[in-house]
Amino acid sequence: PMLRRAGMLLLLSIATVVPATAREGFGFTKRAAQMSRTRPPAVNVTGARLHVKATSVRSDNSSDAETLQKLTPDAITAGDARIAESASPDLDVRLSLGRLDADDTWETRTDYEYRQTGTKDEWNASKGKYEKKPVYGNVPVTKHIKNVQGTLSGSYEIRDGKGRVLDSGPLDESFRKKYEGGENAPTREQVMDDLLHDAAYVVAARIVPTKDRVAVILPKGSFENAIPLAEGGRWEEYLAAVSAVPEMRNRDQEAYR
């Protein structure tokens, strides 16, 4: 008993000398919060009158070009509500849709899952009898995977009211994802609609501010008490709270600040 008490005292004394900074960092289990981020436009433009025209290189995509022509002004005005469509524009956006298609294929593959494969008799000495115990192993499992893919290609050109080219570039969007058993897989039409929305967003981001959602990994340790502020979207308060945390003497513990 005396040796056991001495050992416990030794463990307690070791625990008390571990510095609090040992908890600093992001931790093995990360915590993150969603932030709405505003991205500035790639090109500085002036004017509040807009004209958008989309054409299709392929005749079978003419209706898709019309959809892109409708989606693009919506994406632009969402970034700057002052902009409106006009017959005499300050900004002339010309879109060319080269290709838009989507398809899906199925594949069969064999994976291995750790499952119970049976039972065995095992002697239980304390009970003096044999008992049934489960036996586990890797079992081959056939899975059917639905591969969904889609592609959009084209180009855009942005001109000012005098016809001068302010910006131009390609429109290359793609989608590729696997769905086990086909569960929650989008239809061909849904994939193409998403690609058209993505293309409209790309064009809008060239001339107006756009917003997206990003995940921000949050530090723990000395900053952990401020995490609820970030998770609640109160980023100014969060920044003030973590900025108020004094720097540590151990510079290695400051690397993640």
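Residues numbered from 1 in each chain as written. Predicted model: local features only at pLDDT ≥ 70, side-chain atom pairs only at ≥ 80, totals over all residues. Heavy atoms only, no water.

A. Representation of the packing of helix α2 (residues 62–79) against helix α3 (residues 188–207) in the model. One can describe the packing of α2 onto α3 by two numbers: an axis separation of 8 Å at closest approach and a directional angle of 40 degrees. As judged from the angle between their axes, α2 and α3 are oblique. Note on packing geometry: the crossing formed by α2 with α3 is right-handed. Within the contact between the two elements, α2 uses Asp 64, Thr 67, Leu 68, Leu 71, Thr 72, Ala 75 and Ile 76 and α3 uses Leu 196, His 197, Ala 199, Ala 200, Tyr 201, Val 203, Ala 204 and Ile 207. Per-class residue counts for the contact of α2 with α3 are 11 nonpolar, three polar and one charged. (Axes fitted to C-alpha atoms, helices over the stretch in contact; angles between N-to-C directions. Helix = DSSP H or I, 4+ residues; strand = E, 2+ residues; numbered from the N terminus. Parallel < 35°, antiparallel > 145°, perpendicular 65-115°, else oblique. Left-handed = near helix turned anticlockwise from the far one by under 90°. Contact = heavy atoms within 4.5 Å. Nonpolar A, V, L, I, M, F, W, Y, C, P; charged D, E, K, R; others polar.)

B. Spatial organisation of the confidence of the model for the chain. In the predicted model, the chain carries a mean pLDDT of 87, and the fraction of residues at 70 or more is 90%. Taken together, the stretch residues 1–22 has pLDDT below 50 and engages in two contacts with residues farther than four places along the chain or on a different chain. (pLDDT = per-residue confidence, 0-100.)

C. Representation of the nonpolar core in the model. By size, the foremost hydrophobic cluster in this structure holds 31 residues, and its most contacted members are Leu 50, Ile 76, Val 93, Leu 95, Leu 100 and Leu 152. In terms of nonpolar packing, the next biggest core, distinct from the first, is built from 11 residues, Ala 33, Phe 223, Ile 227 and Trp 235 among them. (Core = buried A, V, L, I, M, F, W, Y, C linked by side-chain atoms within 4.5 Å. Buried < 20%, exposed > 50% of the residue type's maximum accessible area, 1.4 Å probe, protein only.)

D. Geometry of the environment of Arg 94. Tracing the chain through its elements places Arg 94 in strand β4 (residues 91–124). Of note is the side chain of Arg 94, whose polar atom sits 3.0 Å from the side chain of Asp 92. (Polar contact = N/O pair within 3.5 Å; in protein donor to acceptor, adjacent residues only side chain to side chain.)

E. Region of the structure containing unusual backbone geometry. The backbone of Asn 184 sits at a positive phi, close to 65 degrees, despite the residue not being glycine. Take Asn 184: it is sitting in the loop between β6 (165–180) and α3. Using a relative accessible area of 67% as the deciding quantity, one classes Asn 184 as exposed.

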